[in-house]
Amino acid sequence: MVFYKALVMSKIWVFIMLHSVLFLFSQKRPDLLQYKTTDEKIKAWDLYCDRLSESENFPLLIKESDIGIALAKNNNKYLSKFYFHKGYGYEYTNNQYENATVYFEKSLQLAKGKYQEQEVLALMRLNYMYYSIKEYKKGEELINYVKKIVDTVKIKNLKATLLGSIGEYYLDRSEFENFINYKLKAIDYLLLDKSKKETRNNIGISYLQIADAYNDMKQFEKAVEYTNYAVPYLKRSDGIAFLYNTYIEAYTNLGNIDLAKKYYLELYEIGRNNQMLFLNVSYANRNMSEFYLEKNRLELADDYADKALLFAEKSNDEEILMEANTIKGKVLVGQRKYSEAIKILKKALNFAYIYDKRFFAEINKKLSESYAAQKQWDKAYQYYKAYSQTNDSLSVESGKQSLANAEAKFQNKSKQQEIKSLINENTIHELTIKNSKKQRIYLISGLFAIAIIGGLIYNQSRNRKRINQKLMILNSELDKANKTKMQFFGILNHDFKSPVVSLINFLHLNKEAPEMMDEETKNRLESQTTKATEQLLEQMEDLLLWSKGQMENFVPSFKNYKIEEIFLDVKKEFVWVHDIQISFNYSENMLVFTDKEYMKTILRNLINNSIKVLQGKSDAHIICKAWEENNDSCIEVSDNGGGTDIEKFKALYDDQTSIGIKKGLGLHVIRDLCKSIHCNIEVKSNQMIGETQIILRIKKA
């Protein structure tokens, strides 16, 4: 769904930004013979190509751009423009993104650092192209370059274009906060000069993009609010189409079907015959079908699902087609047409994992239901297992955060009560001193009275200082206790999760579909579950015994341990893993100067993280190895899970990274424990070879 938003919003953005920087004239194909100089011919042909873009005659634009390229072979400024025209033609002729990328890159190469207006346009399109063809590394390098030059751009609408491109880079990666921040900056520059028609359109589209982000975050009231902001600025049919679609998504989720229908009918009227808007029409029909399916009005749901599928096929877009096939399959399951449902859901499954894991989980669940209805238990179990694993990975982070928040809340309440009691004690003490002072004033006169009063004041000051010191100590203990409890409960939650999930999956399967398992399978699963449960008990005893001595002063106890002893303990804790090969390589006599329980906890967390990445992958392999290098003992945990963006491991080495669902509590636990035992962390992840390595370095004793 995020990819769809990036795709359609980028198409509107490029139309508007191009029209805001290009001055178009109404003219026919120019007769080059009437122009005397080559420069005059080039300029006339450039205006002609601009007009082809405006009239959306993209196949002809590709052809005519070649003439411009030949004319401008010695003029880099216009050669860059004609390369851009050709790339633009390919992009909008059946989404030929690979060909478009080649010509946008040529345009950028010629314009870079010389022709700012053309450079900005090329950067904007390549940002979208690299995401569309999955060249994520190039996309990251490009956006880093944009961040470097954005402050040097003085023209307001060009600066807004670059800020918008940075925002869309974050939108493509579902980093909504960064996206909204950059979009609002872009709007600020556009608002400085909103007199031009195209600038006003830009403002409207920017508000609409923010509204779509709120829809993705399921904050539908905020989505309606920002869509309302966009209304006064949008006049073009393509921008209005996306406005209607944003309203439809928000209002169907808010349950206001009357308003959703109103905007659906208006969108359908302007989009059913416009090829560029087929994406919107398909997406709108899918939202309407989802609404009626939830209400169990299957006839209406089926009608909208058929329309979603029809326009998705016309759009020639993989993700939109996947989503349309998904809703059609869900409707067929509701109609108990299981054979048809299986056929169409399998089509959707081919692309679901790439674009949206939520769709992937939902499709597997519906396939499992369909096969179970046909009493094909083996296949039902296969798809249910895929659903369960994906669903676990989507929901586990929220559980971690809830546990951490609950524990922190409890500890804060306890300590704050102690502080409150001391404050009350201090108040009572001060009142007692004041009363005593009054009594003595009446009984003692002269200098003796003054001496006593001075003594009381001194005593009062000393008592206040002592109580304030107690308050400071308690505040310090409160802070330390919060950190300690958060760390310890994070360890418990993270380390126990995987064995418990394994046990729960088996119990659910045994309870809900025992007939799906033959005797051999049942015995094997029972054996694995028993081992995992026994290991879980042993692991709980280890951690709880460790915590008894650690909770007051969470500090390590250093000594030399054989690496073999640590690895064997860790190996026992993963007996429940049966579809991933875990190897341990080490020198038999190698020693590591560390705290054994800290190191075991770190390795458990790293291996658990690798197991999550490898779920559902064939030939999955985790290697845990140890060696000595100069004055260091090195331990490495690597996996072949496909590699990932190194930024996702930021929590391992950045103390300022906040704990949250997206960040992962396990990385914070690893970081804090490594810091406690003076262990340095290195992360290497190569997406080309599909491998991630995390290396721990410990100084020898």
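Residues numbered from 1 in each chain as written. Predicted model: local features only at pLDDT ≥ 70, side-chain atom pairs only at ≥ 80, totals over all residues. Heavy atoms only, no water.

Turning to the overall build of the protein, a few remarks are in order. In terms of regular secondary structure, the protein is built from 24 helices and seven strands. The 701 residues of the protein split such that 51% are buried. For the protein, the share of sequence-separated contacts (at least 6 apart) that also reach a separation of at least 24 residues comes to 67%. In the structure as shown, the protein presents an accessible area of about 34700 Å², 50% of it carried by carbon and sulfur atoms. (Helix = DSSP H or I, 4+ residues; strand = E, 2+ residues; numbered from the N terminus. Buried < 20%, exposed > 50% of the residue type's maximum accessible area, 1.4 Å probe, protein only. Contact = heavy atoms within 4.5 Å. Areas by Shrake-Rupley, 256 points an atom, 1.4 Å probe, with all protein chains shown as cover.)

As a further point, take the packing of aromatic side chains. Enumeration according to the criterion identifies 32 aromatic pairs in this entry. Considering the side-chain rings of Tyr 264 and Tyr 304, the 5.3 Å spacing of their centres and the 85° angle between planes classify their relative orientation as edge-to-face. Of this pair, Tyr 264 sits in helix 13 (residues 257–271) while Tyr 304 sits in helix 15 (residues 298–315), and the two are 40 residues apart along the sequence. A relative accessible area of 4% means that Tyr 264 is categorised as buried. Residue classification places Tyr 304 among the buried residues on the basis of a relative accessible area of 9%. Each residue in the set Tyr 264, Tyr 268, Phe 278, Phe 291, Tyr 292, Tyr 304 and Phe 311 is aromatic and connected to the rest through ring pairs, giving one cluster. Of note, Lys 307 hangs over the ring of Tyr 268, and the distance from its end group to the ring centre comes to 5.4 Å. (Phe/Tyr/Trp six-rings, centres within 6.5 Å; stacked < 30°, edge-to-face > 60°. Lys NZ or Arg CZ within 6 Å of the ring centre and 35° of its normal.)

Read across the open sheet, the five strands follow the order 2-4-5-7-6; overall the sheet is mixed. Edge strands, defined here as strands with exactly one partner in the open sheet, are strand 2 (581–585) and strand 6 (679–686). Between one strand axis and the next, the sheet turns through 15° on average, direction left out of account. Across eight bridges, strand 5 (residues 632–639) lies against strand 7 (residues 691–699) in antiparallel orientation. Within the sheet, the bridge partner assigned to Ser 633 lies in strand 7 and is Ile 698. In this fold helix 23 (residues 596–614) packs onto strand 2, strand 4 (621–629), strand 5 and strand 7, with an angle of close to 25° to the strand it touches most, strand 5. (Pairing = 2+ DSSP bridges. Axes fitted to C-alpha atoms, helices over the stretch in contact; angles between N-to-C directions.)

All right, on to the side chain of Glu 64 then. Looking at the secondary structure, you find Glu 64 in helix 3 (residues 58–71). Beyond its immediate stretch of four places on either side in the chain, Glu 64 contacts Arg 29, Trp 45, Tyr 48, Cys 49 and Leu 52.

A word on the packing of helix 14 (residues 278–294) against helix 16 (residues 318–334). Two elements in contact, helix 14 and helix 16, have axes whose closest approach is 10 Å; the angle formed by their N-to-C orientations is 25°. Judged by the inter-axis angle, helix 14 sits roughly parallel to helix 16. Here the hand of the crossing between helix 14 and helix 16 comes out left-handed. Residues Leu 279, Ser 282, Tyr 283, Arg 286, Ser 289, Glu 290 and Leu 293 of helix 14 form the contact with helix 16, whose own contacting residues are Ile 320, Glu 323, Ala 324, Ile 327, Lys 330 and Val 331. Across the contact of helix 14 with helix 16, the residue classes break down as seven nonpolar, two polar and four charged. (Parallel < 35°, antiparallel > 145°, perpendicular 65-115°, else oblique. Left-handed = near helix turned anticlockwise from the far one by under 90°. Nonpolar A, V, L, I, M, F, W, Y, C, P; charged D, E, K, R; others polar.)

A few words now on the environment of Cys 624. Among the secondary structure elements, Cys 624 is positioned in strand 4. Residues Cys 624 and Ile 695, spaced 71 residues apart in sequence, show a C-alpha to C-alpha distance of 9.8 Å. The residues contacting Cys 624, other than those within four sequence positions of it, are Phe 567, Ser 583, Phe 584, Asn 585, Leu 603, Glu 636 and Val 637.

Before going further, it helps to examine the pattern of salt bridges. For the structure shown, the criterion picks out 28 salt bridges. Across the salt bridge formed by Glu 323 and Arg 286, the nearest N and O atoms sit 3.2 Å from each other. Within this pair, whereas Glu 323 is found in helix 16, its partner Arg 286 is found in helix 14, the two being separated by 37 residues in sequence. Across this residue pair, the class does not change: Glu 323 and Arg 286 are buried. The structure contains a network of salt bridges with shared partners spanning Arg 286, Glu 290, Glu 323, Lys 330 and Glu 362. (Salt bridge = Lys/Arg side-chain N within 4 Å of Asp/Glu carboxyl O.)

Turning to helix 23, a few remarks are in order. Over its 19 residues, helix 23 runs 27 Å from end to end, which matches the ideal 27 Å to within 8%, given 1.5 Å per residue. Burial analysis of helix 23 places 17 of its 19 residues in the buried class, which makes it a mostly covered element. The residue sitting at the N-terminus of helix 23 and contributing the capping side-chain oxygen is Asp 595; that oxygen lies 3.0 Å from the backbone nitrogen of Glu 597. Once helix 23 finishes, Gly 616 follows within two positions and takes phi at roughly 80°, a positive value. (Expected span 1.5 Å × (residues − 1). Polar contact = N/O pair within 3.5 Å; in protein donor to acceptor, adjacent residues only side chain to side chain.)

Another point: the nonpolar core. Within the largest apolar cluster, 97 residues are counted, with the highest numbers of intra-cluster contacts made by Phe 82, Leu 162 and Met 288. Looking at this core, the element that brings in the most residues is helix 6 (residues 116–132), giving nine residues. Contacts of Leu 162, omitting those with residues within four sequence positions, involve Val 120, Leu 123, Val 146, Ile 149, Val 150 and Val 153. If you look at the next biggest cluster of nonpolar residues, it comprises 41 residues, including Met 590, Leu 603, Leu 614 and Ala 620. (Core = buried A, V, L, I, M, F, W, Y, C linked by side-chain atoms within 4.5 Å.)

Before going further, it helps to examine the packing of helix 6 against helix 8 (residues 156–172). Relative orientation of the contacting elements helix 6 and helix 8 amounts to 10°, with a least axis distance of 10 Å. With respect to helix 8, the element helix 6 is oriented roughly parallel. Residue-level inspection shows Gln 116, Glu 117, Val 120, Leu 123, Met 124, Asn 127 and Tyr 131 of helix 6 in contact with helix 8, the latter providing Leu 158, Thr 161, Leu 162, Ser 165, Glu 168, Tyr 169 and Asp 172. Here the contact of helix 6 with helix 8 is composed, by residue class, of seven nonpolar, four polar and three charged.

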